[in-house]
Amino acid sequence: MEVTVDTRHPYDPLDADEINAAVAAVRAGRPELTDPRFPLVRTDPPAKDTVRAGERGRRAAFLVVYDRADAATYEARVDLATGELADWRHVPGVQPAIMIEEIMELEEIVKKDPAAVAALARHGVHDLELLQIDPWSTGTLPVAGVDPGRRIVRASAYVREFAEDNGYARPVGNLVFVIDCNERTVAAIHDGDPIPLPPESGNYDAGSVGPLRTDLKPLEIIQREGPSFAVTGHVIDWQRWRLHAHVDPVEGLVLSDVSYLDGDRRRSILHRASISEMVVPYGDTSDDFYFRNVFDAGEYNLGKTVGSLSLGCDCLGEIRYLDAVLADESGTPHTIANAICMHEEDYGILWKHWNFRYTERAEVRRSRRFVVSAIHTIGNYEYGFFWYFYLDGTIQFEAKLTGIVQTRAVAPGDTPEFGTLVAPQLDAPNHQHLFTMRLDLEVDGPDNTVLEVDAVGRPVGPGNEHGNAIVARKTEITNERHARRACDPATARTWKVVNPNVTNRLGEPVGYKLVPFVGPTLLAAPDSDLARRAEFARHHLWVTRYDPSELHAAGDYPNQHPGDGIGEWVKQERDLVNTDVVLWHTFGTSHLPRPEDWPIMPCDYVGFTLKPVGFFDRNPSLDVPPPAGHCHQA
Ligand SMILES: [Cu+2]
């Protein structure tokens, strides 16, 4: 009998050998596909209850396979223990995410099309060597004369003066190419009145910006004894926390199996957390902008855009890294070194009280947080995903948005209605970045209930004669019928996830609350094409009953799809009390660009926290020791 010891975690991503084995199984099992493409290769994780029972489950791979010759999409499952193609099915009427290899072909397709070259010349673009073509997923807005069943993207043009030049400084206005990715042809051209190219360059590298300031003294983080965390494979232990981290090709940075060691109890909190989908809709109505919205996860495979991080630049201090191994569309695995960064940060004071009357002494403790992060570069923008874990049981997520704003050329003297001039004749249109975080919470086990909690005052009346009453109004979210919820800043609304089967020492069910980010949801009109496709982004919170097939809030194939996903799932009207619930929090920035966002945008920050509420019996950070040495007074 063959005995193998598998030290891997059941949620580990595929390694290079597994990717090769999965792709080989598809090629061997479907020899009729002469040139299969692999837009998605990821783990097919074992069922949650088998993992919970301590079984590792079989390693398996899930693949989306695309046949460009037949424009057909297939889903495959490969059993990695046997190397067999376990499941194969055709998925009719869908388009996989836009592939990186398709994006890389766009410039050549445009350059070899005589009508496209003539249109570029009419817009003043003659040097095609430095042409930049960006893809825009087309959604379901019709293109005159083009069958919507074709695999198409729209594309916009930018002019660079040299290879490293920032093309977003010189967008070619009023010109849009519609490209058939399978035929590799220009299917249609929107060729409006030319707009002069904006006059200024927009470079931001140290060599381009003039003298650099010289008065910044070094700031160093030193941990002579090393960091306070340990990494074993993809599992990280820091203080009482334990979690698993990896990069998924669609969702990017994913955390799994987050738990807390409370005395001798290892207590589950969060089974899995990931950016399920995100949408970036632009609010400019002109002919070359009205269609611009992107679902970065489902339409572009956000996770595949993860970058390699460098010490001293992206992360400071005692850093440990995890690599990501992702397949390209030929099915070849590639390692992105240092894709996930882990480190500790000082975070000011954790708690303090000065006994000012009797002892004149202060008790104070330093706060410190553990950071797990990854940065995704998708087109002009970067999205940094940062998870923070604190000594008091708080978990925080922060997206850092930076990179280059999307731009539009305007005629000299024109003032944009739907954007901001960030440089002469250069408009940065208003837009949103809306993220939907899928939070599969497991507060002390899978069976949880969600309460909406509002801080409210009460009117003067019996029992409240002075009108000073403040109560926590709790509303149980009992069914998916009531599962579309909105933030309410007037009541500091939070959503508390309790386990009705586990109580704390005060007899209350243990819980964690979601403190949401308060901001607009999707601003596109409710009867717009986009609102139907991005239904997930129309509500701050959705609650669903756990179903492993429900991972992507806009559906599995949002590219050129009229709308799918969470709005459909909740039509099942499943009960949500004392069961395995999943929370979906939509948050993001509604970006009215500033001149200060040009030519590169300082980080904008957006996110939420998960805070223990009666999960612990008291402040869980009392045992944090006082700072070593003296806290000296000035
Ligand atoms: Cu923005």
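Notes on the structure in this doc start here. All values reported here derive from a predicted model rather than from experimental measurement. (Residues numbered from 1 in each chain as written. Predicted model: local features only at pLDDT ≥ 70, side-chain atom pairs only at ≥ 80, totals over all residues. Heavy atoms only, no water.)

The next point concerns unusual backbone geometry. Both trends apply: most residues other than glycine have a negative phi, and most peptide bonds are in trans. That bond from Trp 598 to Pro 599 is cis: its omega, 0°, falls within 30 degrees of zero. A positive phi angle, close to 55°, is found at Arg 184, a residue other than glycine. Mapped onto the elements of the fold, Arg 184 is located in the loop between strand E7 (171-180) and strand E8 (185-191). (Helix = DSSP H or I, 4+ residues; strand = E, 2+ residues; numbered from the N terminus.)

This paragraph deals with the side chain of His 561. Relative to the helices and strands, His 561 is located in the loop between strand E29 (541-545) and helix H6 (566-569). Side-chain polar atoms of His 561 contact the backbone nitrogen of Gly 563, separated by 3.0 Å. Excluding its chain neighbours within four sequence positions, the residues that come into contact with His 561 are Thr 140 and Arg 533. (Polar contact = N/O pair within 3.5 Å; in protein donor to acceptor, adjacent residues only side chain to side chain. Contact = heavy atoms within 4.5 Å.)

All right, on to the state of the cysteines then. This model, assessed by the stated rule, comprises 1 disulfide. Residue Cys 315 pairs covalently with Cys 341 via a disulfide, S to S 2.2 Å. With Cys 315 in the loop between strand E14 (293-295) and strand E15 (320-327) and Cys 341 in strand E16 (residues 333-355), this residue pair connects regions lying 26 residues apart in the sequence. The class of Cys 315 is buried, set by a relative accessible area of 3%. Cys 315 provides the cysteine sulfur closest to Cys 603, a residue in no disulfide bond, and the two sulfurs are 12 Å apart. (Disulfide = S-S within 2.5 Å. Buried < 20%, exposed > 50% of the residue type's maximum accessible area, 1.4 Å probe, protein only.)

A separate point is the environment of Ala 71. Turning to its location among the elements, Ala 71 is positioned in the loop between strand E2 (60-67) and strand E3 (72-79). Given a relative accessible area of 45%, Ala 71 falls into the partly exposed group. When the C-alpha atoms of Ala 71 and Asn 182 are compared, they prove to be 7.5 Å apart, with 111 residues separating the residues in sequence. Not counting chain neighbours up to four residues away, the residues in contact with Ala 71 comprise Tyr 66 and Asn 182.

Let us look at the packing of aromatic side chains. If you walk through the whole model with that rule in mind, you get 27 aromatic pairs. Between the aromatic rings of Phe 397 and Phe 587, the centroid separation amounts to 6.1 Å while the plane-to-plane angle is 70°, which identifies the pairing as edge-to-face. Here Phe 397, found in strand E19 (residues 395-403), pairs with Phe 587, found in strand E30 (residues 579-591); they are 190 residues apart in sequence, far enough to count as distant. In terms of burial, Phe 397 and Phe 587 fall into one category: buried. Among the aromatic residues, those joined into a ring-pair cluster are Tyr 381, Tyr 383, Phe 385, Trp 387, Phe 397, Phe 435, Phe 587 and Phe 608. Sitting over the face of the ring of Tyr 546, Lys 48 holds its NZ or CZ atom 3.6 Å from the ring centroid. Looking at Arg 369, its charged tip hangs above the ring of Tyr 388, at a distance of 3.6 Å from the centre. (Phe/Tyr/Trp six-rings, centres within 6.5 Å; stacked < 30°, edge-to-face > 60°. Lys NZ or Arg CZ within 6 Å of the ring centre and 35° of its normal.)

Right, let's talk about the sheet that holds strand E20 (residues 408-409) for a bit. In space, the 3 strands of this open sheet follow the order E20-E22-E21, with antiparallel pairing throughout. Edge positions in the open sheet fall to E20 and strand E21 (419-423), since each of these has one partner strand only. Pairing between E20 and strand E22 (residues 426-429): 2 bridges, direction antiparallel. Bridge pairing links Ala 409 to Leu 426 in E22. (Pairing = 2+ DSSP bridges.)

Tyr 381 (OH), His 431 (NE2), His 433 (NE2) and His 591 (ND1) make up the full set of protein donors to the copper ion, lying at 2.0 Å. Around the copper ion sit 4 donor atoms, and with donor-metal-donor angles ranging over 95 to 145° the site reads as irregular. Sequence positions of the donors to the copper ion reduce to the motif Y-x49-H-x1-H-x157-H. Highlighted residues: Tyr 381 in strand E18 (residues 381-390) and His 433 in strand E23 (residues 431-441), separated in sequence by 52 residues. A single burial state applies to Tyr 381 and to His 433, both of which are buried. (Donors = N, O, S within 2.8 Å, 3.2 Å for Na, K, Ca; no water. Tetrahedral: all angles 85-135°; square planar, octahedral: opposite > 155°, others 65-115°.)

So, about the pattern of salt bridges. Enumeration according to the criterion identifies 52 salt bridges in this entry. In this structure, the salt-bridge partner of Asp 79 is Arg 58, at a minimum N-O distance of 2.7 Å. Of this pair, Asp 79 sits in strand E3 while Arg 58 sits in the loop between helix H2 (48-52) and E2, and the two are 21 residues apart along the sequence. Residue classification places Asp 79 among the buried positions, given a relative accessible area of 15%. (Salt bridge = Lys/Arg side-chain N within 4 Å of Asp/Glu carboxyl O.)

Strands sit in the order E5-E6-E7-E8 across an open sheet of 4 strands; the sheet is antiparallel. Edge positions in the sheet fall to strand E5 (131-137) and E8, since each of these pairs with one other strand and no more. Going from strand to strand, the sheet's axes swing by 30° on average, the running direction of each strand aside. The pairing of E7 with E8 spans 6 bridges and is antiparallel. The partner of Val 178 across the bridge, within E8, is Ala 188. Against the sheet, helix H3 (residues 100-111) touches E5, strand E6 (152-159), E7 and E8, its axis set at about 120° to E5. (Axes fitted to C-alpha atoms, helices over the stretch in contact; angles between N-to-C directions.)

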